[in-house]
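Fold and geometry: a report
Below, each chain spelled out in residue letters.
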Amino acid sequence: MNLTDKNVIYFGGFGGIGQKCISELLEKQLKSLAIFDLAENDEILAEWQKSFPSTEIFHQKVNIIEKSDIEAAYKMASQRLEYFDLIINGSGCLNDQLINPTIEINLLGVIHSTLIALDYMSISKGGRGGMIVNISSVVGLQPEPLYPICAASKAAVTCFTRSLAAPFYLEHFGVSFVTICPGLTETSLLDDMTSKTIFDFETPIHFIVSKIRRQTAEDCARNLVKAIENSKNGDVFMLDLGEISEVKIPDHWAKQLAD
Ligand SMILES: NC(=O)c1ccc[n+]([C@@H]2O[C@H](COP(=O)([O-])OP(=O)(O)OC[C@H]3O[C@@H](n4cnc5c(N)ncnc54)[C@H](O)[C@@H]3O)[C@@H](O)[C@H]2O)c1
């Protein structure tokens, strides 16, 4: 997607990865940028507005756990912007002691946001189509024994997003779907990791955490924007250690459907 002159909604835009992504996105001369986030940050918002005066930038407070909040935010944004080209669902949490909130924020919020966005974007409903990017994780591609609840939520995001990338949906909605899987990235999401595991007995967490290297949020953001610019429907990208790579996941029924 060529980002110039596009209307973009970024969920979680005041987070560690979100802030760096927005800085990258704004360099692309967007038409407008709506930040949907529970967090507020008037200082950085004012800085962006001052540095990029030709892009309309605003924040709408949204608790992604509340479907009605998501609906109200999209409604407000549609009145202000008319249409959306790109949605990035980038809110998230990592705390396996909070089972329901983990599923509500990481998975249900992404599902509701995606389905509500489709109502506005679908060409079958008079929309202009576009792209929805859902941020999953490396733990949405493989097991993560230390955080099985987070891994379950992210695996579901990967599968949900890839499912909606079926060609017949693209034809119907005119919206393409991309899954982004960052590796460990230096943000406050990773603070106090040892107190956020589900079980309280001794695990090799210190060994594992010390072994797995982290990338900077800047590197992750730069590659996330590159992925958006170069992706096609159904792509899954791993962004780790400053590198970007496409993840190929086998489709068990592809051969039978092709016969
Ligand atoms: N940092 C990592 O190592 C890492 C690795 C893989 C995937 N991710 C994913 O990348 C995305 C961004 O993560 P990050 O590292 O920037 O984390 P972060 O904690 O810095 O940012 C998370 C963002 O989500 C928002 N958020 C949390 N709960 C919310 C709620 N109830 N309603 C609305 N917004 C809410 C926060 O306000 C914040 O803006 C998340 O989806 C995360 O799961 C991060």
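Now for a look at the structure at hand.

Reading guide: rules and limits
- Residues numbered from 1 in each chain as written.
- Predicted model: local features only at pLDDT ≥ 70, side-chain atom pairs only at ≥ 80, totals over all residues.
- Heavy atoms only, no water.
- Helix = DSSP H or I, 4+ residues; strand = E, 2+ residues; numbered from the N terminus.
- Expected span 1.5 Å × (residues − 1).
- Buried < 20%, exposed > 50% of the residue type's maximum accessible area, 1.4 Å probe, protein only.
- Contact = heavy atoms within 4.5 Å.
- Salt bridge = Lys/Arg side-chain N within 4 Å of Asp/Glu carboxyl O.
- Near = heavy atom within 4 Å.
- Polar contact = N/O pair within 3.5 Å; in protein donor to acceptor, adjacent residues only side chain to side chain.
- Areas by Shrake-Rupley, 256 points an atom, 1.4 Å probe, with all protein chains shown as cover.
- Nonpolar A, V, L, I, M, F, W, Y, C, P; charged D, E, K, R; others polar.
- Core = buried A, V, L, I, M, F, W, Y, C linked by side-chain atoms within 4.5 Å.
- Arc of directions from axis to C-beta.
- Phe/Tyr/Trp six-rings, centres within 6.5 Å; stacked < 30°, edge-to-face > 60°.
- Lys NZ or Arg CZ within 6 Å of the ring centre and 35° of its normal.

Taking 1.5 Å per residue, 14 residues should reach 20 Å; helix α8 (residues 217-230) reaches 20 Å between its end C-alpha atoms and fits that length. What α8 keeps buried is the set A217, C220, A221, N223, L224, V225, A227 and I228. The inward-facing, buried residues of α8 contact α1 (16-26), β4 (86-89), β5 (130-135), β6 (175-182), β7 (236-240) and β8 (243-246).

This brings us to the pattern of salt bridges. Applying the stated criterion to the full structure yields 12 salt bridges. In this structure, the salt-bridge partner of K61 is E40, at a minimum N-O distance of 3.5 Å. Residue K61 is found in strand β3 (residues 56-61), and its partner E40 is found in the loop between β2 (32-37) and α2 (42-51); the two are separated by 21 residues along the sequence. A relative accessible area of 44% means that K61 is categorised as partly exposed. A salt bridge links K125 to D119, with the nearest nitrogen and oxygen atoms 2.5 Å apart. K125 gets classed as exposed once you look at its relative accessible area, which sits at 58%. Put simply, K232, D235, E246 and K248 are held in one network by salt bridges that share partners.

Once that is clear, we can look at the site of the ligand. Around the ligand, the structure places 27 residues, and the nearest of them are G16, I17, D37, T185 and T187. I64 places a main-chain nitrogen or oxygen 2.9 Å from a nitrogen atom of the ligand. T187 is positioned with one of its side-chain polar atoms (N or O) 2.6 Å from an oxygen atom of the ligand. Starting from 820 Å² of accessible surface for the ligand in isolation, the protein chains cover 90%. Classifying every residue of the shell around the ligand by side-chain character gives 12 nonpolar, 13 polar and 2 charged.

The next thing to look at is the environment of N100. Along the chain, N100 falls in helix α4 (residues 99-121). For N100, a relative accessible area of 53% corresponds to the exposed category.

One recurring pattern in soluble globular proteins: nonpolar side chains tend to sit buried together. Ranked by size, the top nonpolar core spans 32 residues in total, and within it Y10 and L33 carry the most contacts. Examining the composition of this core, we find that 6 residues originate from one element, α8, more than from any other. Those residues in contact with Y10, other than ones at most four positions away along the chain, are I17, G18, C21, I22, L25, L33, A34, I35, F36, I88, G90 and I135. If you look at the next biggest cluster of nonpolar residues, it comprises 27 residues, including Y74, L118, I132 and F173.

For the rest of this paragraph, the subject is α1. By the burial criterion, the buried members of α1 are I17, G18, C21, I22, L25 and L26. Axial view of α1: buried residues confined to an arc of 155°, hence all on one face. Each element contacted by the buried residues of α1 is listed here: β1 (7-11), β2, α2, β3, β4 and α8.

This part takes up the packing of aromatic side chains. Tallying each qualifying case throughout the model produces 10 aromatic pairs. Here F11 and F36 contribute two aromatic rings whose centre-to-centre distance is 5.1 Å and whose plane-to-plane angle is 90°, an arrangement assigned as edge-to-face. Note that F11 is positioned in strand β1 and F36 in strand β2, a separation of 25 residues in sequence. Like F11, the residue F36 is buried in the burial classification. Chaining the aromatic ring pairs together yields one cluster made of F11, F36, Y74, F84 and Y120. Taking NZ or CZ as reference, R80 lies 3.9 Å from the ring centre of F58, over its face. A cation over an aromatic ring shows up here: R128 above the ring of Y83, its NZ or CZ 3.6 Å from the ring centre.

Quick look at the environment of I205 now. Positionally, I205 belongs in helix α7 (residues 205-211). You can call I205 buried: its relative accessible area is 6%. In the structure, I205 is positioned 48 residues away from W253 in sequence and 37 Å away in space, judged by C-alpha atoms. Discounting chain neighbours no more than four positions away, the residues touching I205 are L146, Y147, M193, T194 and T197.

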